[in-house]
Amino acid sequence: MRYMPKFRAFDKLRILRYAKCVMKNPFEYGAIVEADAFCNRQRELADLNRAIENGERIFLFGERRMGKTSLVKRAMSKLAKNRFIAAYVDLWPTDSEESFISAFASALTEAANNTPQKMLEFARSFFSRLVPSVTLDAEGKARIDFTMAGVREVERTLEDVLSAPMKISKKTNKQILIVLDELQQLFEYEDDLVERQLRSSMQQQRGVSYIMLGSRKHLIQKMLLDKARPLFRAGAHYPLEPISEEHWLEFIQDRFVQTGKFITSSQISEICTLTQGHPFYTQHLCHALWELTDEKAHVADEAIGQSLDMVLAREDYAYNAIWESLTLSQRRLLEGLALDPPQPKIFAAEFLDRYELKSASTAQRAVKGLIERDIIDREKDSYQIVDRFFQIWIRRKHE
């Protein structure tokens, strides 16, 4: 039953998807990865723990889906509740100073309290300029939202909200951790008021540590390295890199063995070469490979290719849509990034000639447009296609 020649790999996926499942797939992707599904990152966890203990400010940045949020939430879960209050603020839904204020105050209130009554008392104590409202979600968990009270004194209210962590630390005798996720969202605000107030607050606070996460590296680097920006060098920079093959080896083998399936070291090496060790794409490909492998069976060498075919078939419509939306120069530049060795010199005459890019300025315009659409990002002295599967898809167009 392992192979069914009359079915394509994509057909087999549909059959397996509707088959009766007797065991949960051990490889998770596309959401916060927790517990046993989390691979390694021991050094990074230790570094974050030291920074939190010392009340430091860390800017954690890396590619999308690199596992930044999963890493930080894992670090938060290990903090002793009798010593720490850890607030996670998701900035992705925010688009203004007012929405930032509400998100920040809500996250801090919910982190410090677990009942509606305590939340309302907390809100009155620390956020007197805001009007709180408590609701219960589908699971019966209390949630609090804030709106501006009376005259909308945004700057003064923002100052009060950002000063609250230190006041809470003094009152509770606990250390406060503030996590600001999707920090690049601040570029969507009307001005840099939040950045200015945030820097001022961080400089004055004791007993409070900050971890700020960003996924669009060129924006985060502009925010942190441009002297004209308020957050210029306001904390330590911590780039999150792909996971090395040696750590994937044990992780992937263990999950296959624990579910009664078997994979060789050389097959894991092939997977890591395809995904470049990126957590999302590695877990995604392993998820598909596990589905295609029968219980108590070894992974067949051809199954890795079949799994990749399956994943690319699911993404084909989206990738075609992206490809058709690109200019000719952008396509040619992406072809070069996909087909050339790692980190090609895309402005060199040899590269420009090979991929029929008229000039370095043509390549620069293509790069600018691709970065703005988050299709590529700068990587050391060259550029990288952000989506590893899209890179393989482009490469296959030329096979």
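Residues numbered from 1 in each chain as written. Predicted model: local features only at pLDDT ≥ 70, side-chain atom pairs only at ≥ 80, totals over all residues. Heavy atoms only, no water.

This next bit is on the overall build of the chain. The number of helices and strands found in the chain is 16 helices and nine strands. Projected onto its principal axes, the C-alpha positions of the chain cover 70 × 55 × 35 Å. Taken across its 399 residues, the chain has 48% of its residues classed as buried. Of all intrachain contacts in the chain linking residues separated by at least 6 positions in sequence, the fraction that spans at least 24 positions is 72%. Here the chain displays about 20200 Å² of accessible surface, and carbon together with sulfur accounts for 49% of that area. Positive and negative side-chain charges of the chain, numbering 58 and 57 respectively, have mean locations separated by a distance of 2 Å. (Helix = DSSP H or I, 4+ residues; strand = E, 2+ residues; numbered from the N terminus. Buried < 20%, exposed > 50% of the residue type's maximum accessible area, 1.4 Å probe, protein only. Contact = heavy atoms within 4.5 Å. Areas by Shrake-Rupley, 256 points an atom, 1.4 Å probe, with all protein chains shown as cover. Lys, Arg positive; Asp, Glu negative; His and termini not counted. Charge placed at Lys NZ, Arg CZ, Asp CG, Glu CD.)

Below, the discussion takes up unusual backbone geometry. Backbone geometry places Gln-276, a non-glycine residue, at a positive phi of 60°. With respect to the element layout, Gln-276 can be found in the loop between helix 10 (265-275) and helix 11 (279-292). We note that Gln-343 has phi near 55°; this positive angle belongs to a residue other than glycine. Within the secondary structure layout, Gln-343 lies in the loop between helix 13 (328-339) and helix 14 (349-354). Look at Gln-343 and you get partly exposed, because its relative accessible area is 39%.

In this section: the sheet that holds strand 2 (residues 84-90). Read from one edge to the other, the open sheet built from five strands follows the order 2-5-6-1-7, with strand pairing classed as parallel. Since the sheet does not close on itself, it has two edges, and those belong to strand 2 and strand 7 (236-239), each with one partner. Across the sheet, the mean angle separating the axes of adjacent strands is 20° when strand polarity is ignored. With five bridges joining them, strand 5 (residues 175-181) and strand 6 (residues 208-214) adopt parallel strand pairing. What sits directly across from Leu-177, in strand 6, is Ser-209. The strands that helix 6 (residues 154-172) touches are strand 2, strand 5 and strand 6; relative to strand 5, the one it contacts most, it runs at about 155°. Helix 7 (residues 193-204) rests against strand 1 (57-61), strand 5 and strand 6 of the sheet, and its axis sits at about 145° to strand 6. (Pairing = 2+ DSSP bridges. Axes fitted to C-alpha atoms, helices over the stretch in contact; angles between N-to-C directions.)

Within the structure shown, the criterion is met by 22 salt bridges. Across the pair Glu-44 and Arg-41 runs a salt bridge whose closest N-O atoms are separated by 3.2 Å. Assigned by exposure class, Glu-44 and Arg-41 land together as buried. Across the pair Glu-356 and Arg-332 runs a salt bridge, and its minimum N-O distance is 3.6 Å. Remark: Arg-332 occurs in helix 13 and Glu-356 occurs in the loop between helix 14 and helix 15 (360-372); sequence separation between them is 24 residues. Taken together, the shared-partner salt bridges connect Arg-41, Arg-43, Glu-44, Asp-47 and Arg-50 into one network. (Salt bridge = Lys/Arg side-chain N within 4 Å of Asp/Glu carboxyl O.)

Before going further, it helps to examine the packing of aromatic side chains. Tallying each qualifying case throughout the model produces 15 aromatic pairs. Their ring planes at 75° and their centres at 5.6 Å tell us that Trp-248 and Phe-251 sit as a pair that is edge-to-face. Note that Trp-248 and Phe-251 are positioned in helix 9 (residues 245-258) at a spacing of three residues, about one turn of the helix. Overall, Trp-248 belongs to the buried group, its relative accessible area being 1%. For Phe-251, a relative accessible area of 6% gives the class buried. (Phe/Tyr/Trp six-rings, centres within 6.5 Å; stacked < 30°, edge-to-face > 60°.)

Turning our attention to the confidence of the model for the chain. Averaged over every residue, the pLDDT of the chain is 91; residues scoring 70 or more account for 94%. Between residues 1-21, whose pLDDT stays under 50, and residues either more than four places distant or in other chains, the model counts 27 contacts. (pLDDT = per-residue confidence, 0-100.)

For the pair helix 9 and helix 10, the least separation of the axes is 10 Å and the interaxial angle reads 125°. The pairing of helix 9 with helix 10 is recorded here as oblique in orientation. Regarding helix 9 and helix 10, the two cross each other, and that crossing is right-handed. Facing helix 9, whose interface residues are Glu-245, Trp-248, Leu-249, Ile-252 and Gln-253, helix 10 presents Ser-265, Ile-268, Ser-269 and Cys-272. Along the lines of polarity and charge, the residues of the contact of helix 9 with helix 10 split into five nonpolar, three polar and one charged. (Parallel < 35°, antiparallel > 145°, perpendicular 65-115°, else oblique. Left-handed = near helix turned anticlockwise from the far one by under 90°. Nonpolar A, V, L, I, M, F, W, Y, C, P; charged D, E, K, R; others polar.)

With that settled, the discussion passes to the nonpolar core. Judged by nonpolar contacts, the single largest core of 53 residues is most densely connected at Ile-252, Leu-333, Leu-334, Ile-376, Phe-389 and Phe-390. If near-sequence neighbours (up to four positions away) are discounted, Phe-389 is found in contact with Tyr-281, His-284, Leu-285, Leu-308, Val-311, Leu-312 and Tyr-319. Residues Leu-91, Leu-158, Ile-176 and Met-202 belong to the second largest nonpolar core, which totals 47 residues. (Core = buried A, V, L, I, M, F, W, Y, C linked by side-chain atoms within 4.5 Å.)

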